[in-house]
Amino acid sequence: MRLLTTATAVAALMGQALSQDVPTFPFPTTCSGVAAPRYPYTLDAGWEATKIVSGLRQPRTIIFDTLGHMLVLQATMGISVHTFGADGCVNSTKTLFQSSGLNHGLSLTPDGKTLYASSQTTAWSWTYDPVAMTVTGQKTVVSGIGQGIHSTRTVVVSPKNPNLILVSVGAASNWDNPTIDPSVGRAIVKVFDVSAAPANGYSFNTQGTVLGYGLRNEVALAFDPNGHVWGAENSGDDFRRTVNGQATDIHIDNPAEELNYLGDPAAPLENNWFGYPTCFTVWEPSNFRDNTALKTGSQFVVTPNTTFNDASCDGKSVPPSLSFPAHMAPITNAFHPTGDNLYITFHGSWDRQPAQGYFVAEVPFKTNEDGTYAPVAAPDSKTGYKNIIGAQNPGSCNSPSLTMSTCWRLAGLSWDPAGERLFVSSDNQAQGEIFVLRKKA
């Protein structure tokens, strides 16, 4: 595996943006004309937060262009672009591209000139002008993506190799058994070289390179300072552990949501099967009375037998680097430019009472001796993250659908180009909101 030293990696991936005199703004304590937060929240004492945008339609993804303008994908509406005034508040909003089919993916090349976005079946590119805030020359990059219960298609550009784009597709159902074969094109993350794309774009199932499969719904994808990929996975629902014909409901606290190291998109891992639909991850080991050797982060199967049991996952399925409580639904993750922390939005549970999630997690990272990055916490830890902002009473949150809830539903997440302010969206259809956060000095 090709590695960069920490200093070289940070310079290569972050230096360009930070050296272009990206405008910085004061942190606003209030913004005129912006409605009060729709839902109450709690905030870690080391952070401050201000709501800066209201009235959006399901803001799923936030990115920034090279001039510091904020681009937002609003699901079922399109892409908007927002500029900032001297007070740090949004002072103008413009529709960049209107389309009811866009639902999640949004990414820019490091030079800020090519924009990517996705619908459930297709990924497109445009030439983007950050000065005029316009897009031209729409092209189909990837098509033929299958449909199912997981409709979002994450699209991200590799910062180290901007010709490479990653496209994530979730499982078609809770138990999508055919995905044990990566050629079915679901529960998978693939890499496509746009510099060699056919005139009509790639066919998702039959072309591209598999970065990882056996990933039930790897919506959140982020690059560490080396340009390596970390995915946060939405794992399964309604699990019952069946041993010798006796079933036990384990779904309240299992399986765990996962943080997976997917590696370098230019050189995929030799073993890139991450377990689904066979091997899952333990969050609460006390539910597994038949196998007391299991601990948080261990792999398990739902119905162990003489042919394939929990131990069979070892060496076959790539286990997660870190785990999170069940059903919290990670949507977006983003590293701080220094690589010392990864941030994740948890959309919140629907399949659990009391509910959980509905917060932004800060996951401390470290640099290993070989220059690679890893969570500070061990894989069996239950305390490898911190809630920095979240719903005031998450246990009472009721979320009957993807965007309906009695609480906010945290979705988009992005650092500004200067690495000073963290922007977070809620895509609750009652009111789409964006907040800006900053660590206190």
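Draft legend 1. Quick look at the pattern of salt bridges. Within this structure, the stated rule accounts for 15 salt bridges. Taking the shortest distance from any N to any O, the salt bridge between Asp 253 and Arg 352 comes out at 2.7 Å. Placement of the pair is Asp 253 in the loop between β19 (246-249) and β20 (257-264) and Arg 352 in the loop between β26 (341-346) and β27 (359-367), with a sequence separation of 99 residues. Salt-bridge contacts for Lys 439 lead to Glu 362; the nearest nitrogen and oxygen are separated by 3.1 Å.

Draft legend 2. Structural detail: the nonpolar core. Judged by nonpolar contacts, the single largest core of 31 residues is most densely connected at Leu 166, Leu 262, Phe 324, Leu 342 and Phe 365. Broken down by element, this core gets its largest block of residues, four residues, from β27. Each residue touching Leu 262, except ones within four places of it in the same chain, is listed here: Val 189, Leu 211, Leu 215, Leu 221, Val 229, Gly 231, Leu 269 and Phe 274. Ala 355, Ala 391, Val 424 and Leu 437 belong to the second-largest nonpolar core, a separate cluster that totals 21 residues.

Draft legend 3. The arrangement of the pairing of strand β11 (residues 154-157) in detail. On β11, burial covers both faces: Thr 154 and Val 156 on one face and Val 155 and Val 157 on the other are all buried. Inspection of the sheet shows β11 paired to strand β12 (residues 164-169) by four bridges, in the antiparallel sense. Of the residues in β12, the one forming a bridge with Val 157 is Ile 165.

Draft legend 4. Main features of unusual backbone geometry. With an omega dihedral of 5°, the bond running from Tyr 276 to Pro 277 counts as a cis peptide bond. With respect to the element layout, Pro 277 can be found in the loop between β21 (267-268) and β22 (280-281). Here Gln 353 and Pro 354 are connected by a cis peptide whose omega angle stands at 0°. Positioned with a positive phi, Asn 244 is a non-glycine residue whose angle comes to about 55°. For Asn 244, the location among the structural elements is in the loop between β18 (240-243) and β19.

Draft legend 5. Representation of the sheet that holds strand β6 (residues 90-98) in the model. Within the open sheet, the four strands sit side by side as β3-β4-β5-β6. Their pairing is antiparallel. The sheet terminates laterally at β3 (59-64) and β6, the two strands that pair on one side only. Neighbouring strand axes in the sheet, compared pairwise and without regard to direction, differ in orientation by 25° on average. Bridging between strand β4 (residues 70-74) and strand β5 (residues 78-84) involves five bridges; their strand directions are antiparallel. Paired with Leu 73 across the strands is Ile 79, a residue of β5.

Criteria and thresholds
- Residues numbered from 1 in each chain as written.
- Predicted model: local features only at pLDDT ≥ 70, side-chain atom pairs only at ≥ 80, totals over all residues.
- Heavy atoms only, no water.
- Salt bridge = Lys/Arg side-chain N within 4 Å of Asp/Glu carboxyl O.
- Helix = DSSP H or I, 4+ residues; strand = E, 2+ residues; numbered from the N terminus.
- Core = buried A, V, L, I, M, F, W, Y, C linked by side-chain atoms within 4.5 Å.
- Buried < 20%, exposed > 50% of the residue type's maximum accessible area, 1.4 Å probe, protein only.
- Contact = heavy atoms within 4.5 Å.
- Pairing = 2+ DSSP bridges.
- Axes fitted to C-alpha atoms, helices over the stretch in contact; angles between N-to-C directions.

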